[in-house]
There are 4 protein chains.
Amino acid sequence: MASNSLGRIFRITTAGESHGPGLGVIIDGCPPGIEIDIDYIQHELDRRRPGQSHISSQRKESDKITIQSGVYQGKSTGAPILILIPNEDSRSSDYDHVEQAYRPSHADFTYHKKYGTRDHRGGGRSSARETVNWVAAGAIAKLILKKEGVNINAGVTKVGDLQLNAEIDSYDFIEAEKNVVRCPDRAMAIQMQELIEQIKKEGDTVGGVITCVVNGCPIGLGEPVFHKLHADLGQAMLSINACKGFEFGSGFEGSRMRGSQHNDIFEKDGEVIVTKTNHSGGIQGGISNGMPVYFRAAFKPVSTIMKDQNSVDTSGEEISYRGKGRHDPCVVPRAVAIVEALTALVLVDHLLMSKIYSNFQFSPDTNMD
Amino acid sequence: MASNSLGRIFRITTAGESHGPGLGVIIDGCPPGIEIDIDYIQHELDRRRPGQSHISSQRKESDKITIQSGVYQGKSTGAPILILIPNEDSRSSDYDHVEQAYRPSHADFTYHKKYGTRDHRGGGRSSARETVNWVAAGAIAKLILKKEGVNINAGVTKVGDLQLNAEIDSYDFIEAEKNVVRCPDRAMAIQMQELIEQIKKEGDTVGGVITCVVNGCPIGLGEPVFHKLHADLGQAMLSINACKGFEFGSGFEGSRMRGSQHNDIFEKDGEVIVTKTNHSGGIQGGISNGMPVYFRAAFKPVSTIMKDQNSVDTSGEEISYRGKGRHDPCVVPRAVAIVEALTALVLVDHLLMSKIYSNFQFSPDTNMD
Amino acid sequence: MASNSLGRIFRITTAGESHGPGLGVIIDGCPPGIEIDIDYIQHELDRRRPGQSHISSQRKESDKITIQSGVYQGKSTGAPILILIPNEDSRSSDYDHVEQAYRPSHADFTYHKKYGTRDHRGGGRSSARETVNWVAAGAIAKLILKKEGVNINAGVTKVGDLQLNAEIDSYDFIEAEKNVVRCPDRAMAIQMQELIEQIKKEGDTVGGVITCVVNGCPIGLGEPVFHKLHADLGQAMLSINACKGFEFGSGFEGSRMRGSQHNDIFEKDGEVIVTKTNHSGGIQGGISNGMPVYFRAAFKPVSTIMKDQNSVDTSGEEISYRGKGRHDPCVVPRAVAIVEALTALVLVDHLLMSKIYSNFQFSPDTNMD
Amino acid sequence: MASNSLGRIFRITTAGESHGPGLGVIIDGCPPGIEIDIDYIQHELDRRRPGQSHISSQRKESDKITIQSGVYQGKSTGAPILILIPNEDSRSSDYDHVEQAYRPSHADFTYHKKYGTRDHRGGGRSSARETVNWVAAGAIAKLILKKEGVNINAGVTKVGDLQLNAEIDSYDFIEAEKNVVRCPDRAMAIQMQELIEQIKKEGDTVGGVITCVVNGCPIGLGEPVFHKLHADLGQAMLSINACKGFEFGSGFEGSRMRGSQHNDIFEKDGEVIVTKTNHSGGIQGGISNGMPVYFRAAFKPVSTIMKDQNSVDTSGEEISYRGKGRHDPCVVPRAVAIVEALTALVLVDHLLMSKIYSNFQFSPDTNMD
């Protein structure tokens, strides 16, 4: 059934396959009067683009967008915005040999069983090519959030066994944009890059973790009980291809702690109420509390490896299969832009939701007096 | 805005606070003809009930349900089912001293800021008392799933630093129901129980992890791209009070691995296609592949501790606060029933979704010939 | 599938049958801080109540509500509000003779075929008893709207061939509440009452039309293209039992007119832009324009008549059937409260939607400069 | 907020303006394996196309579609289908004189007030150009319905005062496709055509009514209580530009009748249960009963007339305004294709919903034994 939409107020609906004519996303619910900065959207797409460095897939896509609707004289009108992104360099012949194969840990088997048919070329709809839609739409969400003072930064904090153990507030996100791994620490970035180069040479792949930090998130975003801010963020992250886990604040590590260690003590910082520690990850009871929101998303190694593997084909025969085509040895450097985009989409949806009661005569502020 | 519903085909909408007259849930979309076994629903509620052991909260609630609608002569009619659960033992006076306090790591501050008002008694809507609604509705979901051969079992696999390291298929879920911790391993259960007793004595609390395993899940559940099976499971788990993280299959550990280690090789088991390993956690491309589905949810330590803590009150004054009332030193033993219930709600929703194309003349089976 | 919810921001989800223990409605998305005036809710339910006059059904229901949640110290908290209304005077034995019958123009046949089972007592879920949920929830919606200056009035403008031909702005809605027919014209009310009494004596029933007028509706409610204000109003009205048609503004009559007659000329009334005529019914392009919103809903005659009719039973046998029990000879006098309630539910949903962009820095007002 | 989607299982989301680069629609939830017959889609678009006769707008649009996704080797894959339709002949300069004007009975005023900005060219998003999206998507819905034996036919049954009074089952829908008015009666078609020609000559416009008949609709479509089949049809019809009213079965006329006249007596036709009359319009209790479904939609006269009219501009000045550009003197002949398309979209959504319980072990059929 219909399942290609994310969000309720600011909602995206997406379409497109890896090797079809192109991708497309309708952004429904964008407020009117937003300046739609095409260069910025393109810049965000460049951060996700294949071929951006020697450690990413060499598929050549310019990802030049076309806006079909919803923008007039450079600004959003309140009407739905349809963005198109063409596929320019799909080499479908690279996939001829997998037309009948169920590639290990790919979605070939499940798509075939679910739909009875599939577009095998480049993984069809299951390809991460889809994420260009998210990054394009997320760029508009980011433009809105920036005006409201909300800033989103993600970086690679783990590749294989290499883990950045620094405090979150010491992350250098300007540095992250300078190195090909997008690690917010220069020394660690170099190690990670060497590891990825080595693994690529071996024809293998490796997983990693992305940490995302949101500064300036206003108090009050998140809707109990089934649209808690972290639950919506989690669902969004888990929608990314290869994502295997999500945790916010203290996360899995928090499960080892005592209440007396874990509790975030409230205190005053001038007139503002803050917490001494931030194990809550900026979210309490599903609602943002004004502290930085942060979370981590875990990614498995890319399934396509340049090594022989056994498998089964659509007729049930056992086969040997080996990856061809252009693939990433490690997906996390390019996934940074995707993580930020989805975060922006979730936040702008909740930000607009929170406006429902503002300027309303029964608003919280009125009642607090 | 409206945010108290979960599911699309089989959807629950919930209401109720910790210290109001009671809780209520409307189950909309339950198929007709389902035998509604009240004893079974009550049994599930008993697994979640406070006061069930010396290591859980001593609040006394019988949680006896009343069914208001949607059931006729013991069977569902297809009309919405309204279930009521009363609050019998709410001691609101236990909360008089927190009426103006923002308790550390509770939702007091965020609810107050978001809504401008709050029912402070027992945490009001932010209380885990809400989860009786989920367990009652989840019991009906489980009844449907059982008839379709789907079995859901969860157990406590970590408390503080005590972690069960056994293979998932060696978990003894019958044992889990026999010990007060609900750990699927007898020896570990004893250690965990001792730890929780010790922590309780100290007036402190501790976190933990629950692992859930689904056997018999049919191939094809999950809807790309924004209702992937694991994304919907993740959102559901992250809706549980105190849940800080979710991972499925190899999870965060998978991010350390190479593709050549992580890939699940397809092979034949008689006529059935299975995978040699199950790092995918039974889900590939967001769709179940017929292997066991498994995932883990991490819970932080309960915020209410019987120790003095500093905080701030609603007027911005710094205060000292100490927990009163009846609370769990560790939430995971009781949360096992909640995890199973939400899992059942997500699965039955996807199971019914998957029926949309069955018996349809353009069904997958037809096309595969 | 789940289909018992109305609205998106302010959403109701309902449950209950005619002869079960009672009805229930969850109002999700009610803003915090609303004074919940129980007397007012009860007053609205009294307007819908059976037994209120000699020309309505003689079933005796006090319709005394219980609020289970979402209200604290007399005000809404932002949490979902669960309202319960008991069934006190269901005489199920009146329906023993129809357990196997498909009553003409009732929902017996279609419910049985769709669900394979049904609660035949009083029509079960298909009964208009369900509308107590709507009136209770609608009363809260009306309380919110009144504070914003929006007033909703409906009245009976047609019974059988008796039609009130006065101009809409001459309707006397104070008078409408004084006569048993709820016609906003005293002279016509007397004629209508006599007609209904005559028809009741014959054991027959008759249809009618309700006209609803909304004054004070702010400019800008309604969301193109699939949630136009009149489209949402139409869907709501067509959800009422026995409703067969909906028209707004000039309606069906407008289809006979020329553009030069029908167009509503804009002009200034002081500083305000108004229209000279109001064939648009206060809605242009799906969005309210500040003029009074008005529409009509047509109701068929009640299907239960005290006369012999042929029919078929569940085993396919042809039978003769005659109505028993307590029924309305004409449904429109009681349906006035239902029409107003649903109108309020649609309007409050759109009113809250319209707040999304207010107080937003990219708001319409800012951009108009 | 997001409001440009219709349907829940088979859902369309649309975008595009009258004078932008083009229109686009994403069809989400189309079952896999459907043969996507482009010629048929194009044929349906031709029935809606401007310039198809001398009594329609002379704008020249080929409406040649491009399918971007969701179709592989001529069949649907289950992935979302994105269809693009370009704007080729938008003469925006025709609208230069209305940039500041609020045209009478158009959406200029309300869009401007709601969004603070608008694309004035050709009415922007409020233009009926949007309906190409609906017709393209509706053609695919029709293809699915045809395979299931469901046939939808609409025709013009009223223009101004000229009303076709024949019985519905005597309508000649083959004839309707042969005359420029699309009236299912040859003699009446000639009269209607003459009337429209006369009105066009006068620079005026006229309204009309379309009647739609669905044959072969299976029993059981429609979801009480808020997605009754006729309520969803009503909302869809009222979404069409210029639609002012909707009635099904006996409709407004039914409100004049007695129960003893109006009730549809059940009887056997061989083994099938049918009704003697069909005042119910094939829908009882919101659920289809197997009889033909029929309804009527009323359309106001087109607002753009070639005559001087007074109005007000955006600065509040009173102005005189006269229509320019290419417009329809009567919208109903072209709206026939739109009515059929939306009907198909609503029906296919409900048809797929009804499949949820089919092939389910607790299905209605099982329970009826």
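Quick caveat: nothing in here was measured; it's all calculated off a predicted structure.

This part takes up the interface of chain A and chain B. Listed per partner, the contact involves 112 residues of chain A and 111 residues of chain B. When the two sides are added together, the surface that chain A and chain B hide from each other amounts to roughly 9100 Å², 59% of it contributed by carbon and sulfur. When the area that chain A buries against chain B is broken down by residue, the three leading residues are Met 1, Phe 226 and Lys 244 of chain A, summing to 10%. Across the chain A-chain B interface, the total number found is 4 salt bridges. Note that Arg 256 of chain B and Asp 161 of chain A form a salt bridge whose closest N and O atoms lie 2.5 Å from each other. Here chain A is connected to chain B by 51 residue pairs in polar contact (both at pLDDT 80 or more). If one sorts the elements of the side of chain A that touches chain B by residue count, helix H2 (residues 108–115) of chain A sits on top with 7 residues. The residue inventory of the side of chain A that touches chain B, partitioned by class, reads 44 nonpolar, 44 polar and 24 charged. Note that strand E12 (residues 243–248) of chain A and strand E12 (residues 243–248) of chain B share 3 bridges and pair antiparallel. Across the sheet, Glu 247 of chain A pairs through a bridge with Gly 245 of chain B, a residue of E12 of chain B.

A few words now on the relation of the copies chain A and chain B. Rotating chain A by 180° and moving it 0.0 Å along the rotation axis overlays it on chain B with an RMSD of 0.0 Å. As the rotation angle and translation indicate, the two copies are arranged about a two-fold axis. In this assembly, 99% of the residues forming the interface of chain A have copies in chain B that are likewise at the interface, indicating an isologous arrangement.

This part takes up the interface of chain C and chain D. Counting from both sides, the interface comprises 111 residues of chain C and, opposite them, 112 residues of chain D. Carbon and sulfur atoms make up 59% of the area that chain C and chain D hide from each other, which totals about 9100 Å². Three residues stand out in chain C for area buried against chain D, namely Met 1, Phe 226 and Lys 244 of chain C, and they jointly supply 10% of the buried area on that side. At the boundary of chain C and chain D, one finds 4 salt bridges. Put simply, chain C and chain D have 51 residue pairs in polar contact (both at pLDDT 80 or more) between them. The element contributing the most residues to the side of chain C that touches chain D is helix H2 (residues 108–115) of chain C, with 7 residues. Across the side of chain C that touches chain D, the residue classes tally to 43 nonpolar, 44 polar and 24 charged.

Next up on the list: the sheet that holds strand E8 (residues 101–102) of chain D. Residues and elements named next belong to chain D. If you trace the 3 strands from one edge of the open sheet to the other, you get E8-E18-E19, paired in antiparallel fashion. Edge positions in the sheet fall to E8 and strand E19 (318–322), since each has one partner strand and no second. When E8 meets strand E18 (residues 308–313), the two strands line up antiparallel, connected through 2 bridges. Paired with Tyr 102 across the two strands is Val 312, which belongs to E18.

Moving on, we come to the relation of the copies chain C and chain D. Of the transformation superimposing chain C on chain D, the axial component is 0.0 Å and the angular component is 180°, with the fit at an RMSD of 0.0 Å. Interface residue correspondence from chain C to chain D reaches 100%, placing this contact among same-surface, isologous pairings.

Moving on, we come to the sheet that holds strand E3 (residues 22–28) of chain B. Residues and elements named next belong to chain B. As summarised here, the arrangement of the 5 strands in space is E1-E2-E3-E7-E4, forming an open sheet in which the pairing is antiparallel. The outermost strands of the open sheet, each flanked by one partner alone, are strand E1 (5–6) and strand E4 (66–67). The pairing of E4 with strand E7 (residues 81–86) spans 2 bridges and is classified as antiparallel. The residue of E7 that forms the bridge with Ile 67 is Ile 83. Lying over the sheet, helix H3 (residues 131–147) contacts strand E2 (11–16), E3 and E7, oriented at roughly 35° with respect to E3.

Any two packed helices are characterised by the angle at which their axes cross and by the distance between the axes. Across the interface, helix H6 (residues 229–238) of chain C lies against helix H6 (residues 229–238) of chain D with an axial gap of 8 Å and an inter-helix angle of 160°. Looking at the two axes, H6 of chain C sits roughly antiparallel to H6 of chain D. Our pair here, H6 of chain C against H6 of chain D, has a crossing hand that is right-handed. Residues His 230, Ala 231, Asp 232, Gly 234, Gln 235 and Leu 238 of chain C of H6 of chain C form the contact with H6 of chain D, whose participating residues are His 230, Ala 231, Asp 232, Gly 234, Gln 235 and Leu 238 of chain D. Class assignment for the residues of the contact of H6 of chain C with H6 of chain D results in 4 nonpolar, 6 polar and 2 charged.

Procedures and definitions
Residues numbered from 1 in each chain as written. Chains lettered and ligands numbered in written order. Predicted model: local features only at pLDDT ≥ 70, side-chain atom pairs only at ≥ 80, totals over all residues. Heavy atoms only, no water. Contact = heavy atoms within 4.5 Å. Buried area = accessible area lost by both parts, 1.4 Å probe. Salt bridge = Lys/Arg side-chain N within 4 Å of Asp/Glu carboxyl O. Polar contact = N/O pair within 3.5 Å; in protein donor to acceptor, adjacent residues only side chain to side chain. Helix = DSSP H or I, 4+ residues; strand = E, 2+ residues; numbered from the N terminus. Nonpolar A, V, L, I, M, F, W, Y, C, P; charged D, E, K, R; others polar. Pairing = 2+ DSSP bridges. Least-squares fit on C-alpha atoms with pLDDT ≥ 70 in both. Axes fitted to C-alpha atoms, helices over the stretch in contact; angles between N-to-C directions. Parallel < 35°, antiparallel > 145°, perpendicular 65-115°, else oblique. Left-handed = near helix turned anticlockwise from the far one by under 90°.

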